[in-house]
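Letter by letter, the chains look like this.
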Number of protein chains: 2
Amino acid sequence: MTPTIGVFDSGFGGLTVLRALLDRLPHAGFAFLGDTARLPYGSKSRRTIAHYAVEGAQFLVREQGAESLVIACNTASALALDAIQAAVPVPVLGVIEPGAAAAKAASCTGDVLVIATDATVQSHAYAAACRGQGLRAIEKACPLLVPLVEEGWTDHSVTAEVIRIYLDELVGQAGAEGLHPDTLVLGCTHYPLLRPLIEQAVPSGIRVIDSAEAAAEAAFRLFDGETANPAPDLPPHRSVRFFATDSVEKFERLGSRFLERPVRNVELVDLEQFSN
Amino acid sequence: MTPTIGVFDSGFGGLTVLRALLDRLPHAGFAFLGDTARLPYGSKSRRTIAHYAVEGAQFLVREQGAESLVIACNTASALALDAIQAAVPVPVLGVIEPGAAAAKAASCTGDVLVIATDATVQSHAYAAACRGQGLRAIEKACPLLVPLVEEGWTDHSVTAEVIRIYLDELVGQAGAEGLHPDTLVLGCTHYPLLRPLIEQAVPSGIRVIDSAEAAAEAAFRLFDGETANPAPDLPPHRSVRFFATDSVEKFERLGSRFLERPVRNVELVDLEQFSN
């Protein structure tokens, strides 16, 4: 019996984190919960986000037996990591600190750009985490990018134009503050699906960092040992259970785009019945 | 003491309906609830929308003493009107039937276009209501328009391009099905803020109908008498209380754009404590 890692997200985007976790921890079991009934978190307040995220974390630990948690949502990591850590008796890993650490490893100038949702940016969690790494960071909210991904316009001229507008504003602001950024952190789990368009739009010399991959690398270091490699000759078993708080059909349909493999047997769950 | 009309919405958009109601029923008292913690409803399932909307309706009737309700949200009207009517002992008016009736009054050809959220379109509530009026309707989901309004891009070239793409697809589909539409129904309460761009983008000869104005007209007919006009010489008192389930500061800031007047003294409410 392999330990179960609980992976919590506000919706589908966290499946880009799960994809990276499956690659990095092939022998772990996973229980993924997407709080799709109440998404998106990115435009909500700290109080509401913490309330919802704690309910999700408690479901994964109490009902699904998760022995560790990955908060695969930048907004919940930014605004609710402390509340989740206080509410459950298992190790909890967010995506912000790993993203900042990966930026530190990538940056030569020490100046970093971050794009994320409204709530993540307003929390300034990335700026604080980057400061902890000795980096200077400028953050920008890009609230249209999630709806564009969910509309399926991941390779569309409108999306390219929206990205250009957002990045022009961000690079201009960095210049006005005397920064010389060489790294851009994708601070939202939807953004990896826009990575080709974003890489076309960033000025040359700026490297793009994906916080999903950074979080999977951090999870590997935190949860390794028997989870990562119970016996070197065992085949990967990829035990994954999926839970959603709204339409399982929609979760299966949209989720496959984020996981890049089929999402099946999603189970519907009502989190309000698990609340304190 | 004037009767109180409860106005329920998933967020801010319903304030365009409240604006029309204030104009049409200047002597009524209003209690407006925006379920901003759980918005948007437009991408959620019927089950979840009905669950949330019934909680909101019960709050307005039981806690605020509303003697009638206007469901100022196309998605909740489309998917939850029956559930709300079954859950509360007061008259409940949605925005779909008034929108279809206004289309009937406007259309000569009997062929109508409807733009709305994903959930409203998937419910085919407008198509059914239009059929009941003897009209043929083609509906199209435009999921990017709400985020564009909320980003404040109501007069932006990107928004104009997105509207052009959506309307081209819709008009093309109508032509392919042999329809000759002369009326476009704005089936989402956010869309009135895009009315100038939409009117530029529709082919000439197509008239734009706002379901918010249509609903206010229907409310006037349904709730008139003492509510509308307790005594002809009384000045309008405009008693409005605002409730939101998430950040009251954000509600006051964004809400003013929809109501076109200041939104103040918003009260925070936790609907989950009122659920059955």
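Rules used in this analysis
- Residues numbered from 1 in each chain as written.
- Chains lettered and ligands numbered in written order.
- Predicted model: local features only at pLDDT ≥ 70, side-chain atom pairs only at ≥ 80, totals over all residues.
- Heavy atoms only, no water.
- Contact = heavy atoms within 4.5 Å.
- Buried area = accessible area lost by both parts, 1.4 Å probe.
- Salt bridge = Lys/Arg side-chain N within 4 Å of Asp/Glu carboxyl O.
- Polar contact = N/O pair within 3.5 Å; in protein donor to acceptor, adjacent residues only side chain to side chain.
- Helix = DSSP H or I, 4+ residues; strand = E, 2+ residues; numbered from the N terminus.
- Nonpolar A, V, L, I, M, F, W, Y, C, P; charged D, E, K, R; others polar.
- Axes fitted to C-alpha atoms, helices over the stretch in contact; angles between N-to-C directions.
- Parallel < 35°, antiparallel > 145°, perpendicular 65-115°, else oblique.
- Left-handed = near helix turned anticlockwise from the far one by under 90°.
- Phe/Tyr/Trp six-rings, centres within 6.5 Å; stacked < 30°, edge-to-face > 60°.
- Buried < 20%, exposed > 50% of the residue type's maximum accessible area, 1.4 Å probe, protein only.
- Least-squares fit on C-alpha atoms with pLDDT ≥ 70 in both.
- Arc of directions from axis to C-beta.
- Core = buried A, V, L, I, M, F, W, Y, C linked by side-chain atoms within 4.5 Å.
- Domains from an automatic or database assignment.
- Pairing = 2+ DSSP bridges.
- Right-handed = clockwise from strand over helix to strand, strands pointing away.

## Some points on the interface of chain A and chain B
Now for step 1: Contact residues are listed per partner, giving 32 residues for chain A and 32 residues for chain B.
Now for step 2: Carbon and sulfur atoms supply 54% of the area buried between chain A and chain B, which totals about 2400 Å² over both sides.
Now for step 3: Counting the surface chain A buries against chain B, the share from its top three residues, Leu144(A), Asp246(A) and Glu272(A), is 20%.
Now for step 4: With its nearest N and O atoms 3.7 Å apart, the salt bridge here joins Arg38(A) to Glu272(B).
Now for step 5: There are 14 residue pairs in polar contact (both at pLDDT 80 or more) connecting chain A and chain B.
Now for step 6: For the side of chain A that touches chain B, the secondary-structure elements that each account for two or more residues are helix 2 (46-63), helix 7 (145-150) and helix 8 (157-176) of chain A.
Now for step 7: Here the residues of the side of chain A that touches chain B sort into 14 nonpolar, eight polar and ten charged.

## Focus: the packing of helix 1 (residues 15-24) of chain A against helix 10 (residues 211-222) of chain A
All names here are of chain A.
Now for step 1: Interhelical geometry of helix 1 versus helix 10 gives an angle of 40 degrees and a closest axis separation of 8 Å. Put simply, helix 1 runs oblique to helix 10. Viewed along their axes, helix 1 and helix 10 form a crossing whose handedness is right-handed. Facing Thr 16, Val 17, Ala 20, Leu 21 and Arg 24 of helix 1, the residues of helix 10 in contact are Ala 212, Glu 213, Ala 215, Ala 216, Glu 217, Ala 219 and Phe 220.
Now for step 2: The residue inventory of the contact of helix 1 with helix 10, partitioned by class, reads eight nonpolar, one polar and three charged.

## What to know about the packing of aromatic side chains
The geometry of an aromatic ring pair is captured by the separation of the ring centres together with the interplanar angle, meaning the angle of the planes.
Now for step 1: Tallied over the entire structure, the rule returns 18 aromatic pairs over all chains.
Now for step 2: Between the aromatic rings of Phe32(B) and Phe251(B), the centroid separation amounts to 6.1 Å while the plane-to-plane angle is 50 degrees, which identifies the pairing as tilted. Taken together, the positions of Phe32(B) in strand 2 (residues 29-34) and Phe251(B) in helix 11 (residues 248-259) put the pair 219 residues apart, joining distant regions of the chain.
Now for step 3: Accessibility expressed as a relative area gives 0% for Phe32(B), which makes it buried.
Now for step 4: Measuring from ring centre to ring centre gives 5.2 Å for Phe59(B) and Phe243(B), while their planes differ by 75 degrees; the resulting arrangement is edge-to-face. You can see Phe59(B) sitting in helix 2 (residues 46-63) and its partner Phe243(B) sitting in strand 9 (residues 239-244), a full 184 residues away along the chain. For the residue pair Phe59(B) and Phe243(B), the accessibility class agrees, reading buried in each case.
Now for step 5: Through successive ring pairs, a cluster of aromatic residues spans Phe12(A), Phe32(A), Phe242(A), Phe251(A) and Phe258(A).

## Quick look at the relation of the copies chain A and chain B
Now for step 1: For the pair chain A and chain B, the best superposition has an RMSD of 0.0 Å and corresponds to a rotation of 180 degrees with a translation of 0.0 Å parallel to the axis. Classification of the inter-copy transformation places it as that of a two-fold axis. Among all C-alpha atoms of chain A, that of Arg38(A) lies closest to the rotation axis, at 2.6 Å.
Now for step 2: Both copies share a contact surface, since 100% of the interface residues of chain A are interface residues in chain B too.

## Quick word on the pattern of salt bridges
Residues and elements named next belong to chain B.
Now for step 1: Per the stated rule, a full pass over the model turns up 28 salt bridges over all chains.
Now for step 2: Among the ionic pairs, Glu 55 bridges to Arg 38, the shortest N-O distance being 2.8 Å. Of this pair, Glu 55 sits in helix 2 while Arg 38 sits in the loop between strand 2 and helix 2; the two residues are 17 residues apart in sequence, bridging distant segments of the chain.
Now for step 3: By relative accessible area, Glu 55 is classed as buried at 2%.

## A look at helix 11 (residues 248-259) of chain A
All names here are of chain A.
Now for step 1: Looking at helix 11, one finds that the buried residues are Lys 250, Phe 251, Leu 254, Gly 255, Phe 258 and Leu 259. The arc that holds the buried residues of helix 11, viewed along the axis, is 140 degrees, so those residues lie on one side.
Now for step 2: Of the surrounding secondary structure, the elements contacted by the buried residues of helix 11 are helix 1, strand 2 (29-34), helix 7 and strand 9 (239-244).
Now for step 3: Glu 260 occupies a position one or two residues after helix 11 and carries a positive phi of about 60 degrees.

## Side note on the nonpolar core
Now for step 1: Membership of the largest hydrophobic core comes to 124 residues, with the highest contact counts inside it found for Leu184(A), Ile198(A), Ile115(B), Leu145(B), Leu184(B) and Ile198(B).
Now for step 2: Not counting chain neighbours up to four residues away, the residues in contact with Ile198(A) comprise Ile115(A), Ile163(A), Leu167(A), Leu184(A), Leu186(A), Tyr191(A) and Val208(A).

## Some details on the domain arrangement of chain A
All names here are of chain A.
Now for step 1: Each domain of chain A was delimited in the assignment, giving domain 1 (4-94 + 215-274) and domain 2 (96-211).
Now for step 2: Here the C-alpha centre of domain 2 lies 23 Å away from the C-alpha centre of domain 1.
Now for step 3: The interface of domain 1 with domain 2 comprises 23 residues on the first partner and 19 residues on the second.
Now for step 4: Summed over both partners, the interface of domain 1 with domain 2 comes to about 1500 Å²; 59% of that surface belongs to carbon and sulfur atoms.
Now for step 5: Sorting the residues of domain 1 by area buried against domain 2 places Asn 74, Arg 257 and Phe 258 first, and these three jointly supply 34% of that buried surface.
Now for step 6: Across the domain 1-domain 2 interface, the total number found is zero salt bridges.
Now for step 7: If you list the elements that add at least two residues to the side of domain 1 that touches domain 2, you get helix 1, helix 2, helix 3 (74-87), helix 10 and helix 11.
Now for step 8: For the side of domain 1 that touches domain 2, the element with the most residues is helix 3, which contributes five residues.
Now for step 9: Taken together, the residues that form the side of domain 1 that touches domain 2 break down as twelve nonpolar, eight polar and three charged.

## Describing the sheet that holds strand 8 (residues 207-210) of chain A
All names here are of chain A.
Now for step 1: What the four strands build is an open sheet, ordered 6-5-7-8; its pairing is parallel. Each of the sheet's edge strands pairs with one partner strand only, and the pair in question is strand 6 (136-141) and strand 8. For this sheet, the mean inter-axis angle between neighbouring strands, taken without regard to orientation, is 25 degrees.
Now for step 2: Here strand 7 (residues 183-186) pairs with strand 8 via four bridges, running parallel. Residue pairing across strands places Thr 183 opposite Arg 207, the latter belonging to strand 8.

## Describing the sheet that holds strand 9 of chain B
Residues and elements named next belong to chain B.
Now for step 1: Spatially, 4-3-1-2-9-10 is the arrangement adopted by the six strands of the open sheet, whose pairing is parallel. The open sheet has two free edges, formed respectively by strand 4 (92-93) and strand 10 (267-268), since each of these has just one partner strand.
Now for step 2: Where strand 3 (residues 68-71) lies against strand 4, two bridges are found, and the strand directions are parallel. Paired with Leu 69 across the strands is Val 92, a residue of strand 4.
Now for step 3: Contacts from helix 2 reach strand 1 (4-9), strand 2, strand 3 and strand 9 within the one sheet, and its direction differs from that of strand 1 by about 160 degrees.

## A few points about the pairing of strand 9 of chain B
Residue and element names in this part refer to chain B.
Now for step 1: The sheet contact formed by strand 2 and strand 9 spans six bridges and is parallel. Each bridged residue has a counterpart across the sheet, and for Gly 29 the counterpart in strand 9 is Ser 239.
Now for step 2: The sheet contact formed by strand 9 and strand 10 spans two bridges and is parallel. In the strand pairing of strand 10, Ala 244 is matched with Leu 268.
Now for step 3: You can see the chain leave strand 9, run along helix 11 and come back into strand 10, and the turn it takes is right-handed.

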